[in-house]
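Listed below are the residues making up each chain.
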Amino acid sequence: MGNAAVPPSVTQLIQTFSELPGIGPKTASRLAFFLLRGKSELALRLAESLQGLVENTRFCSVCFNVTEQDPCPICANTSRDHAVICVVEEPMDLLALEGTNQYDGVYHVLHGALSPLEGIFAEDLRIKELEARVGAGVVREVLLATNPTSEGDYTAAYLITRLKALPVRLTRLGRGLPVGGDLEYADAITLTRALESRQEL
Amino acid sequence: MYALSGMLQLQRMYIKSLSLRHFRTYMRLELDLPTGPILLMGANAQGKTSLLEAIAYLALGHSPLTHMDQQLLHWSAVESGMPFAQVRVEVVKRDRVETLEIALQHAHLTNGNTRLDKRIRVDNRAIRRSALSGHLNVVLFLPEDVQLVSGPPSGRRRHLDDLLSQVYPEYVDELSEYQTAISRRNALLRHLRDHGGDRRQLEPLEETLVRTGVTLTLFRRRVLALLSLHADRYHQELTGGAAWLHLEYQPNFDPQAPPQVDYQMGLRLRERPEVMVDVATLQNSYRKTLQQRRERAIQRGATLTGPHRDDVTFMSGGYDLGTYGSRGQQRTAVLALRLAELQWLEQETGESPVLLLDEVLAELDRTRRAYLLNLLGKVQQTILATTDAEMFPAEFREQALKLRVAGGIITPS
């Protein structure tokens, strides 16, 4: 983008946009020029939202979800079951589970999964904090809801080695076939998992 | 010719057409292929080997010649900024025709970098790499094959992995899981050495190594025992009964290794008695070794024990051909191995593989050349690349489809 025809402030915005996940140089340019095209009101609103995001949000000191108040509304909610902790990788995962309206326990956000190849180790995740919460004694069940990926499985297996000595029930999110899917088109690994986690009727 | 006798019920697969786009020297190629021998003739660096490589690429899911798919792209595709390459074959099997395809395409990553994406399709449906196993089987003879005997162990491991991967999808999955766990564990070992941290992070990775590693070892042991039997018979035919050959599996981790066999001249050791060890015992023993050697592994920043350090030795006449064999002996041993692979693939899959030979005749003396050509007459499809068609007997040349390869363009000759 070292083009002399593009003013530095635009170049800089393009550069910044392209650091975002899922945005390549093309999309970044498109977004930058879209904001330039008369819609100064939109650009300013965006700037304000970003500032608000940085200034008003923090991590909940209990579950490490993103929040504006500490503890977060979920952790502060006394009608939820604080003896059940659901462990997720990212805040987005928490949102997805909340969307089901089927879970009334609390959460713990790890902020990532173990990935030695990308330099992410146990000390980079909120694992010590989870251990402390579970060790405090109120917790009855820890539901591991890391992603069904190789990293997610590794993280879950590691959490089990750390938590198994504590007197809590450890559970793992069930895995199997997608709803509305076709058995014939499922891959062998998914089918194997579905067979392994079949249920008594 | 013992390979094909008594196997008349064999189904024989062959490649009906090949299509390449931006692959190596080929901008675009559409080629119909008949059964029987096909001779690719041309000077060096014209695209003969690349064509064989493209076919092997579809059988193995990766190139037998390079780890880097990037190298497979035609230079113009790289310069265009939108690199794309495609290899596609139609394979005729007993009761159907299948289309296999691998496409390479640049994909933008979230961090702004690009990556070469590889899509594998069978009959236009995207599949995992492991599901490619069994769709097309080949035996590839390369001029550098002799390196298998004399070169480093990694070449022999890769070769064995490629052969097993052609047939068993589960082997592909276990191998890939094993390799990922090794890379992760090694990265973690280095991190523990340089920065410290919780060693319990090693445990889940070691469990994966134990589970997949023992499976790999058992697969390799079983297949090598069969290959060794076939290779020995071919070797004796090739040497006029003068020398036996034994492919000896040297697992890096072998808790119950049988006592070292004393090879003596003239002693023919067809097969050692199989030591029956149950899987749980092997796993426990491997787990214990990994745990015992953890400190050393941390110091070294590498996993010291496991099938990623296995080897195979070519034993003949009482010694290791890799160390003590002459060039000629090594060449004969490797030819016997290739023929054994052909035989093994036939037995295991019930289908005769496609043979791909790159400049192999030049390496052989007259007797062996005749032996090999005689065998080629009996398989369904063979593609041979050569700079010198005169090397083939006139009779053979007459039966073969002759194609001239020049600058990535193929014309009938």
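Residues numbered from 1 in each chain as written. Chains lettered and ligands numbered in written order. Predicted model: local features only at pLDDT ≥ 70, side-chain atom pairs only at ≥ 80, totals over all residues. Heavy atoms only, no water.

This next bit is on the packing of helix H4 (residues 153-167) of chain B against helix H10 (residues 327-349) of chain B. All names here are of chain B. At their nearest, the axes of H4 and H10 sit 10 Å apart, and the two run at 20 degrees to each other. Of the possible angle classes, the one that applies to H4 and H10 is roughly parallel. Crossing hand, H4 versus H10: right-handed. Between H4 and H10, the contacting residues are His159, Leu163, Gln166 and Val167 on the first element and Leu337, Arg338, Glu341, Trp344, Leu345, Glu348 and Thr349 on the second. Split into classes, the residues belonging to the contact of H4 with H10 amount to five nonpolar, three polar and three charged. (Axes fitted to C-alpha atoms, helices over the stretch in contact; angles between N-to-C directions. Helix = DSSP H or I, 4+ residues; strand = E, 2+ residues; numbered from the N terminus. Parallel < 35°, antiparallel > 145°, perpendicular 65-115°, else oblique. Left-handed = near helix turned anticlockwise from the far one by under 90°. Contact = heavy atoms within 4.5 Å. Nonpolar A, V, L, I, M, F, W, Y, C, P; charged D, E, K, R; others polar.)

With that settled, consider the packing of aromatic side chains. Residue and element names in this part refer to chain B. Applying the stated criterion to the full structure yields eight aromatic pairs over all chains. Ring centres 6.1 Å apart and planes at 50 degrees place the aromatic pair Phe23 and Tyr57 in the tilted group. Taken together, the residues span a long stretch of sequence, with Phe23 in strand E2 (residues 14-23) and Tyr57 in helix H1 (residues 48-60) at a distance of 34 residues. Of the two residues examined, Phe23 and Tyr57, each falls in the buried class. Aromatic pair Phe392 and Phe396: ring centres 5.3 Å apart, planes at 15 degrees, arrangement stacked. Phe392 gets classed as buried once you look at its relative accessible area, which sits at 3%. Among the aromatic residues, those joined into a ring-pair cluster are Tyr168, Tyr171, Phe219 and Trp344. (Phe/Tyr/Trp six-rings, centres within 6.5 Å; stacked < 30°, edge-to-face > 60°. Buried < 20%, exposed > 50% of the residue type's maximum accessible area, 1.4 Å probe, protein only.)

To continue, consider the packing of helix H6 (residues 202-238) of chain B against helix H7 (residues 279-292) of chain B. Any two packed helices are characterised by how steeply their axes cross, that is the angle between the axes, and by the distance between the axes. Residue and element names in this part refer to chain B. H7 packs onto H6 with a crossing angle of 130 degrees between their chain directions and a minimal axis gap of 9 Å. As far as their axial angle goes, H7 and H6 are oblique. With respect to the hand of their crossing, H6 and H7 are arranged in right-handed fashion. Where H6 abuts H7, its residues Glu206, Glu207, Leu209, Val210, Arg211, Gly213, Val214 and Leu218 lie against Val279, Leu282, Gln283, Tyr286, Arg287, Leu290 and Gln291. The residue inventory of the contact of H6 with H7, partitioned by class, reads eight nonpolar, three polar and four charged.

Attention shifts here to the nonpolar core. Counting residues in hydrophobic clusters, the biggest one holds 64 residues, and the most contacted among them are Leu227, Leu247, Leu339 and Leu372 of chain B. In terms of residue count, H6 of chain B provides more of this core than any other element does, 11 residues in total. Contact partners of Leu339 of chain B, with chain neighbours within four places excluded, come to Phe141, Tyr234, Leu238, Tyr371, Leu372 and Leu375 of chain B. Counting residues in each nonpolar core, the second largest holds 43 residues, with Cys86, Leu144 and Leu159 of chain A together with Leu205 of chain B among its members. (Core = buried A, V, L, I, M, F, W, Y, C linked by side-chain atoms within 4.5 Å.)

Here we take up the domain arrangement of chain A. Split into domains, chain A comes out as domain 1 (8-56) and domain 2 (62-200). The gap between the C-alpha centroids of domain 1 of chain A and domain 2 of chain A is 33 Å. (Domains from an automatic or database assignment.)

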